[in-house]
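Observations on the three-dimensional arrangement
Now for the letters of each chain:
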Amino acid sequence: MRLLVTGGAGFIGANFVHQTVEERPGTDVTVLDKLTYAGSAGSLGDIPNVRLIEGDVADPDVVDPLVAEADVVVHFAAESHNDNSLLDPSPFVHTNLIGTFTLLEAVRRHGTRLHHISTDEVYGDLELDDPARFTERTPYNPSSPYSSTKAGSDLLVRAWVRSFGLAATISNCSNNYGPFQHVEKFIPRQITNLLDGVRPRLYGAGRNVRDWIHVRDHNRAVWTIIDKGRIGETYLIGADGEKSNREVVELILELMGCDRHDYDNVADRAGHDLRYAIDSTRLRTELGWEPTFADFEAGLADTIAWYRDHEEWWRPQKAAAEAKYAAAGQ
Ligand code: NAD
Ligand code: DAU
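Residues numbered from 1 in each chain as written. Chains lettered and ligands numbered in written order. Predicted model: local features only at pLDDT ≥ 70, side-chain atom pairs only at ≥ 80, totals over all residues.

1. Regarding the overall build of the chain
In plain terms, the rule: Helix and strand definitions follow DSSP, with helices as H or I runs of at least four residues and strands as E runs of at least two, each counted in order from the N terminus. When we talk radius of gyration, it's over C-alpha atoms, and the globule rule is simply 2.2 Å times the number of residues to the 0.38. What counts as a contact here is a pair of residues whose C-beta atoms, placed from the backbone, lie within 7 Å.
Helix and strand counts for the chain come out as 11 helices and 13 strands. On C-alpha atoms alone, the chain measures out to a radius of gyration of 19 Å, which is about the 20 Å that the 2.2 N^0.38 rule sets for 330 residues. C-alpha atoms of the chain, sized along the principal axes, occupy 55 × 45 × 35 Å. Here the contacts in the chain between residues at least 6 apart in sequence split such that 80% fall between residues at least 24 apart.

See below:
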């Protein structure tokens, strides 16, 4: 199989490429990635049979020939960080909307199978005491420039399926953790702060809840959908991992041998979504997927060990990420 992975030098995409090469020998992988601040060729190392093309998913001259030679396209490329989207939404509109449109047009021309990667944030947020969780039937209600551009990209995919008969599926996943995640994100930021002797930073009171899933479980679900998913369908991916941000920070502190109260509460994110929660019944019952990282504490301990052992990977990102947060009082 000839596979095109957009955004394959980012966090989830790079893990997807590693897993694919490990578990599906014989797959011929091409990565298309702009290598923005969030992408790193080093995340792919020197994996055999992987070709990295540096380019913009919104550039039809780059995208068309790559789609023409692929059997399957998995579309991870995106601007992915909510805080950045509040500072400057423009790259989010470019990559998440124009980039997805450009890819869809190439996929339409060449009749290629597409899987589009999206987020649970398209559904907005839930109250802390609401027993509800997101399902495939929850109405879209995104809050931030990031999540609204992801919602728009999902709607483009749905329209191309209905209008042009595209062979596409969509998945919306909850918060991922694991190796190769940029240090701007919550969990790696706190781990690398502690490795630097700096106190973790919790937005507001830390009551906000995220539904954590290990990145390897997300990627196994993506392959399950490519293999067995129904064309035109959306699948929610989640591993019943709801935790408040305060619980997560306290667990990181404990696992790193510190006092669990040694963190600072800093300025809250504007429009901060309160709670995300995924009901992944369709994926489990129709396609037979189950998460394998059932123990969040063990997965987090592995992730802490990975950052401890891979300072050469994250150190070049750290100062710029912290400078941005310092300017925002976070
Ligand atoms: P990331 O920011 O770590 O990686 C994004 C990658 O896309 C980077 O390698 C970057 O260089 C590349 N990229 C950005 N703009 C590009 C462009 N114009 N052309 C080509 N490449 C470009 O993001 P991530 O956390 O790995 O997320 C990957 C996908 O998964 C995104 O679509 C995101 O919305 C979705 N998602 C993420 C999470 C999560 O918890 N991180 C959860 C659910 C869904
Ligand atoms: O739900 C899926 C989404 O999860 C993905 O679509 C996004 O690409 C991904 O970035 C993530 O979005 P969040 O905004 O939830 O993730 P982030 O890591 O930025 O923050 C997680 C929570 O932690 C959020 O409630 C904000 C809070 N936070 C974040 C940082 C960076 C803090 O309290 N302190 C921090 O320093």
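2. A word on the confidence of the model for the chain
Convention followed: Per residue, pLDDT captures the predictor's confidence, and it can take any value from 0 to 100.
Mean pLDDT over the chain: 98, with 100% of residues reaching 70 or higher. The ipTM assigned to the predicted complex is 0.99, against a pTM of 0.99.

3. What to know about the UniProt feature "domain: NAD(P)-binding" (unreviewed entry) in the chain
Using the following cut-off: UniProt positions are given in the numbering used here, feature names are shortened, and annotations may be inferred rather than shown by experiment.
Look at the UniProt record and you will see "domain: NAD(P)-binding" (unreviewed entry) annotated at residues 4-301. Helix makes up 39% of residues 4-301 and strand 17%, and the two end C-alpha atoms of the span are 32 Å apart.

4. Observations concerning the site of ligand 1
Defined as follows: Using a C-beta atom placed from the backbone, a residue is scored as near a molecule or strand whenever that atom is within 6 Å of it.
In the vicinity of ligand 1 there are 31 residues, among which Gly7, Gly10, Ala38, Gly39 and Ala78 approach most closely. When contributions to the shell around ligand 1 are tallied by element, the ones reaching two or more residues are α1 (11-23), β2 (28-33), α4 (90-110) and β5 (113-119). Counting residues per element, the shell around ligand 1 draws most heavily on α1, at three residues.

5. Re the pairing of strand β6 (residues 168-173)
Just so we agree on the cut-off: Here a residue counts as buried when 20 or more other C-beta atoms fall within 10 Å of its C-beta, as exposed when 12 or fewer do, and as partly exposed in between; the C-beta atoms come from the backbone. A clockwise path from the first strand over the helix to the second, with the strands pointing away from the viewer, defines a right-handed crossover. At least two DSSP bridges between two strands are required for those strands to pair.
When you tally the buried positions in β6, you get six out of six residues, the bulk of the element. Handedness of the crossover is the feature at issue here: the chain leaves β5, passes through helix α5 (residues 145-164), returns alongside β6, and the resulting connection is right-handed. Examined bridge by bridge, β6 and strand β11 (residues 234-237) share four bridges and lie parallel to one another. For Asn172, the partnering residue across the bridge sits in β11 and is Leu236.

6. Remarks on the environment of Arg158
By the secondary structure assignment, Arg158 is in helix α5. As for Arg158 and Thr234, which are separated by 76 residues in sequence, their C-alpha atoms are 9.1 Å apart.

7. As for the site of ligand 2
How we decide: Any residue outside Ala, Val, Leu, Ile, Met, Phe, Trp, Tyr, Cys, Pro, Asp, Glu, Lys and Arg is labelled polar, Gly included; the first ten of those are nonpolar and the last four are charged.
Close to ligand 2 lie 19 residues, the nearest being Ser80, Thr119, Lys185, Phe186 and Tyr203. Within the residue set of the shell around ligand 2, elements represented by two or more residues are α6 (186-195) and β8 (201-203). The leading source of residues in the shell around ligand 2 is β8, at three residues. Tallied by class, the residues present in the shell around ligand 2 amount to four nonpolar, eight polar and seven charged.

8. Quick notes on the packing of α1 against helix α7 (residues 215-228)
Selection criterion: Throughout, an axis means a line fitted to C-alpha atoms (over the contacting stretch in the case of helices), and angles, computed between N-to-C directions, take values from 0 to 180 degrees. Any angle that is under 35 degrees is reported as roughly parallel, and any over 145 degrees as roughly antiparallel; angles of 65 to 115 degrees are reported as roughly perpendicular and all others as oblique. The hand of a helix crossing depends on one turn: near helix anticlockwise from the far one by less than a right angle means left-handed, and clockwise means right-handed.
Contact geometry for α1 and α7: axes closest at 9 Å, N-to-C directions at 65°. In this view, α1 runs roughly perpendicular relative to α7, as classed from their interaxial angle. Of the two elements, α1 crosses α7, and the hand of that crossing is right-handed. Taking contact as the criterion, the partners of Phe11, Ile12, Asn15, Phe16 and Gln19 in α1 are, on α7, Val215, Arg216, His218, Asn219 and Val222. Grouping the constituent residues of the contact of α1 with α7 by class yields five nonpolar, four polar and one charged.

9. Brief notes about unusual backbone geometry
With glycine set apart, most residues show a phi of negative sign, and most peptide bonds adopt trans. Within the chain, Leu35 stands out as a residue other than glycine whose phi angle is a positive 50°. Turning to its location among the elements, Leu35 is positioned in the loop between β2 and β3 (50-54). Phi at Asn49 is positive, roughly 65°, even though this residue is not glycine. Among the secondary structure elements, Asn49 is positioned in the loop between β2 and β3.

10. Thoughts on the sheet that holds strand β1 (residues 2-6)
The seven strands lie next to each other as β3-β2-β1-β4-β5-β6-β11, forming an open sheet whose pairing is parallel. Whereas interior strands pair on both sides, the edge strands pair on one side only; in this sheet they are β3 and β11. Between one strand axis and the next, the sheet turns by 20° as a mean value, whatever way the strands run. Its contacts with the sheet place α4 against β1, β4 (72-75) and β5, and it is angled at close to 170° to β4.

11. Looking at the packing of α4 against α5
Contact geometry of α4 with α5 gives a least axis separation of 8 Å together with a crossing angle of 15°. Of the possible angle classes, the one that applies to α4 and α5 is roughly parallel. Seen from above, α4 lies across α5 with right-handed handedness. Across the interface between the two elements, Phe92, Val93, Asn96, Leu97, Thr100, Phe101, Leu104 and Arg108 from α4 touch Pro145, Tyr146, Thr149, Lys150, Gly152, Ser153, Leu156, Val157, Trp160 and Phe164 from α5. Considering only residue class, the contact of α4 with α5 consists of 11 nonpolar, five polar and two charged.

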